[in-house]
Amino acid sequence: MYRHILIPTDGSKLAAKGVRAGVRLAAALGAKVTGVCVVPPYVPPMYGEGIVYVPGRSPSEYRRISAAHAKKALAVVEVEAQAARIPYATRFLAGQQPWQAILKTARARKCDAIVIASHGRGGLGGLILGSETSHVLANSKLPVLVVR
């Protein structure tokens, strides 16, 4: 059935629930998993006239902080996969649109399913806040399991 499952995470408690569900599914199917954490790319601060300058983070400091966040988020995938004794890999990347990076990773890693967590916001809340999960669902050619 499914041999390679992609599990996106942002390090939140809800994403950890999705990680656990994805790893359990992979263990039941004898599949391997790839965890992915997507962070926004560095955007240099811009200032206009009359704005007080507040020093921002340097690109190297931003990369260090982003890498530390991703490492912490992906550690959940690592711990769960090791506990389930299944093969795993992790990927950390920057992307303006996380859903695009998730789908690109799924294609590049030859995954055949995606397990992703969702807050379940619908209607106006989902429209205003946007939803990476809904974008993944709308644009994926792979089966997507949504965990709430």
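Visitor: Mind showing me how you'd approach the pairing of strand β2 (residues 32-39) here?
Guide: For a regular strand, the rule is simple: side chains alternate between the two faces of the sheet. The buried count for β2 comes to seven of eight residues, which makes it a mostly enclosed element. Strand direction decides the pairing type here: strand β1 (residues 4-8) and β2, joined by five bridges, are parallel. Along β2, the bridge assignment pairs His4 with Lys32. Following the backbone out of β1, through helix α1 (residues 13-29) and into the adjacent parallel β2, one traces a crossover that is right-handed. With seven bridges joining them, β2 and strand β3 (residues 88-94) adopt parallel strand pairing. In the strand pairing of β3, Gly35 is matched with Thr90.

Visitor: Explain the side chain of Ser140 to me, please; I cannot follow it from the model alone.
Guide: Summarising the element assignment, Ser140 is placed in the loop between α5 (132-139) and β5 (144-147). Under the relative-accessibility criterion, Ser140 is labelled buried at 16%. Looking at Ser140, its side chain comes within polar contact range of the main-chain nitrogen of Leu142, at 2.9 Å. Sequence-distant contacts of Ser140, defined by excluding residues within four places in its chain, comprise Leu103 and Ile114.

Definitions and limits used
- Residues numbered from 1 in each chain as written.
- Predicted model: local features only at pLDDT ≥ 70, side-chain atom pairs only at ≥ 80, totals over all residues.
- Heavy atoms only, no water.
- Buried < 20%, exposed > 50% of the residue type's maximum accessible area, 1.4 Å probe, protein only.
- Helix = DSSP H or I, 4+ residues; strand = E, 2+ residues; numbered from the N terminus.
- Pairing = 2+ DSSP bridges.
- Right-handed = clockwise from strand over helix to strand, strands pointing away.
- Polar contact = N/O pair within 3.5 Å; in protein donor to acceptor, adjacent residues only side chain to side chain.
- Contact = heavy atoms within 4.5 Å.

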